[in-house]
Amino acid sequence: MHLSHDEEDYNLSLSKFESMLKTNKVLFFDSEEFEEIILHYLDMGKASLAKKALKLALEQHPRSTGLKLVQVEMLVYDDKLETAEKLLNELYAIEPQNEEIFIQKANIYSKRDNHEKAVELLQEALKLTDDYADVYNLIGMEYLFMDNLEFAKENFIKCLEEDVEDQAALYNVVYCFEFLDQNKEAIAFLENYIDRNPYSEIAWHQSGRLYYGLQDYENALRCFDYASMIDDEFMGAFMEKAKSLERLKRYDEAIESYNRTIELDDPTSYALLRIGKCYEKLGNKPLALKYFHKTVHEDPLLDKGWIAITDFYVRQKNYQKALFYVNKAIGIDNENRLYWKRYATINRALDFLEEAEIGYRKAVEFGDYELDTWLYWIDILQYLGEFEAAIHTLLQASEYFPEEFQLEYRLAGLYFMEDDETKGKFHLSNGLRVSFENHTILETLFPTVWERKDVQKMIHKK
């Protein structure tokens, strides 16, 4: 790979400067060389080296406006806003037509959260600059800070009209469209952009993401395909392509695409997990399990990996092994209602009813208010003879599901079991009113209550 003349000069300047620091010899650099050296160190996060370079630069070029503007940038970086502003005012008195002065003043106002004033100053810079794209981009960012997504979007679009290769502006404009819930408009914008810049893998990738969000997986796949052809090392494109293929049930091709992401970088637990899921869909259980185990080996703290193995064994009805792995997942995330529900379901299948009761209780405690969760919990409490706890739980469930016959018949049965005939008859009457055809629930769950004459009388009256 051959470096351009400018790149060679730039690298020579850096080498020369670093050599000077080691030998303590003072060498001469022109002001532009110093600017590039200082900005290089700032970009690298080496602030102390940038400050050394600036000190030497100002000693050699005390009147350089460019260097003083770099000094302003460093003062702003250090939050010395008043000093920076004073220096900018001095520079403005000398060069009132220098757009960089307005840009740096805008930066100071932005730091002070006065984004309206920052935009005003950037509008002035627009009148003076030749680099419209950069200023439009800065204006767009200020509108983002103000949560004015429409104006932000307009300015990022103007930036791209000036500089079609500005990738940051491209990402930002798509972000604005998405935030404004204008996904179809975003796709139309990207189609026009791709007409101007057909080899932009970023644009194809973003289009694919938008189509995927709209569940148009065929078009999503087409876009990710183009992105991965333009850049055959674009891991994100291969990952999204794999996800689209999986949605389209093209599992062999999805595996191939996930494997490509592993070739491009270290294996990710996500890719390994998805490969396992694809093999399971293809009916290849040994390979599915192999990849699920690879997933948790790669990232032992990935609860989703342990849950994938749990679900695998549940489908095989191997509940003992499923219980071992669901406990692993709960050990990582013990406030996940879905994991506690699995724990409860597995223990119920193993007839470990006390553990199942704990699982359903925890699931509800952490936000699972599905009717079936309540019912399983209540029925286990009843089976364990915890009638008072079952009634209390039923009354809780009734707050979420008023007029639910499943709850009314259970309340009726339990109150009769507790010899509270008034409440038993009240809830039986409710159950019969809401859904008479399901009254046999009482016979199934409470056979002794079903046989009572007063209960039969109420049923036959209906």
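About the criteria used
- Residues numbered from 1 in each chain as written.
- Predicted model: local features only at pLDDT ≥ 70, side-chain atom pairs only at ≥ 80, totals over all residues.
- Heavy atoms only, no water.
- UniProt positions renumbered as here; feature names shortened; annotations may be inferred.
- Helix = DSSP H or I, 4+ residues; strand = E, 2+ residues; numbered from the N terminus.
- Patch = residues over 30% accessible without salt bridge, like charges linked within 9 Å, V, L, I, M, F, W, Y side chains within 5 Å.
- Areas by Shrake-Rupley, 256 points an atom, 1.4 Å probe, with all protein chains shown as cover.
- Salt bridge = Lys/Arg side-chain N within 4 Å of Asp/Glu carboxyl O.
- Axes fitted to C-alpha atoms, helices over the stretch in contact; angles between N-to-C directions.
- Parallel < 35°, antiparallel > 145°, perpendicular 65-115°, else oblique.
- Left-handed = near helix turned anticlockwise from the far one by under 90°.
- Contact = heavy atoms within 4.5 Å.
- Nonpolar A, V, L, I, M, F, W, Y, C, P; charged D, E, K, R; others polar.
- Phe/Tyr/Trp six-rings, centres within 6.5 Å; stacked < 30°, edge-to-face > 60°.
- Buried < 20%, exposed > 50% of the residue type's maximum accessible area, 1.4 Å probe, protein only.
- Lys, Arg positive; Asp, Glu negative; His and termini not counted.
- Polar contact = N/O pair within 3.5 Å; in protein donor to acceptor, adjacent residues only side chain to side chain.
- Arc of directions from axis to C-beta.
- Core = buried A, V, L, I, M, F, W, Y, C linked by side-chain atoms within 4.5 Å.

Caption draft 1: Quick peek at the UniProt feature "repeat: TPR" (unreviewed entry) in the protein. Listed under "repeat: TPR" (unreviewed entry) in the UniProt record, and renumbered for this structure, are residues 99-132, 201-234, 235-268 and 269-302. End C-alpha to end C-alpha, residues 99-132 measures 11 Å, and it is 82% helix and 0% strand.

Caption draft 2: Here's a closer look at a nonpolar patch on the surface. Judged by side-chain polarity, Y199, Y226, M229 and I230 come together as a nonpolar surface patch covering roughly 460 Å² of accessible area. As for its position among the elements, I230 is in helix α13 (residues 217-230).

Caption draft 3: The packing of helix α18 (residues 303-315) against helix α20 (residues 337-349), seen in detail. At a minimum axis distance of 12 Å, the contact between α18 and α20 shows a crossing angle of 25°. One element, α18, and the other, α20, form an angle in the roughly parallel class. In the packing of α18 onto α20, the handedness of the crossing is left-handed. In contact with D303, K304, I307, T310, D311 and V314 of α18, α20 contributes Y339, R342 and I346. Among the residues making up the contact of α18 with α20, the classes are represented as four nonpolar, one polar and four charged.

Caption draft 4: The packing of aromatic side chains, seen in detail. According to the stated counting rule, one finds 18 aromatic pairs in the structure shown. Each ring, one from Y360 and one from Y376, has its centre 5.6 Å from the other, and the planes form 20°; the classification is stacked. Placement of the pair is Y360 in helix α21 (residues 353-365) and Y376 in helix α22 (residues 371-383), with a sequence separation of 16 residues. Classification of Y360 by relative accessible area gives buried; the value is 0%. Through pairs of rings, three or more aromatic residues link up here, namely F292, W306, F312, Y313, F324 and Y325.

Caption draft 5: Broad picture of the side chain of D166. Position of D166 among the secondary structure elements: in the loop between α9 (149-162) and α10 (167-179). Although D166 is buried, it makes no salt bridge; R196 carries the closest opposite charge, 11 Å away. At 3.2 Å, the side chain of D166 and the backbone nitrogen of A168 are in polar contact.

Caption draft 6: Seen up close, helix α28 (residues 453-461). Every buried residue of α28 is listed here: V455, Q456, M458 and I459. Along α28, the residues classed as buried sweep out an arc of 160° about the axis, all on the same side. Across from the buried face of α28, at angles greater than 90 degrees, the exposed residues are K453, K457, H460 and K461.

Caption draft 7: Expanded view of the environment of A349. Residue placement: A349 occurs in helix α20. Of the residues examined, A349 reaches a relative accessible area of 40% and is grouped as partly exposed. Sequence spacing of A349 and K317 is 32 residues, and the spatial spacing of their C-alpha atoms is 8.9 Å.

Caption draft 8: View of the nonpolar core. If you look at the biggest cluster of nonpolar residues, it comprises 46 residues, and the most contacted ones within it are L170, V173 and F189. Dropping the residues within four chain positions of it, V173 is found in contact with K153, F156, I157, L160 and F189.

Caption draft 9: Representation of unusual backbone geometry within the structure. Unlike most non-glycine residues, D113 shows phi in positive territory, near 65°. In this structure, D113 sits in the loop between α6 (99-111) and α7 (115-128). Even without being glycine, Q215 reaches a positive phi, approximately 65°. Checked against the element boundaries, Q215 lands in the loop between α12 (201-213) and α13.

Caption draft 10: Spotlight on the packing of helix α16 (residues 269-281) against helix α17 (residues 285-298). Interhelical geometry of α16 versus α17 gives an angle of 165° and a closest axis separation of 7 Å. The orientation of α16 with respect to α17, classified from their angle, is roughly antiparallel. Of the two elements, α16 crosses α17, and the hand of that crossing is left-handed. Contacts between α16 and α17 involve S269, L272, L273, I275, G276, K277, Y279 and E280 from the former and L287, A288, Y291, F292, K294, T295 and E298 from the latter. Taken together, the residues of the contact of α16 with α17 break down into eight nonpolar, three polar and four charged.

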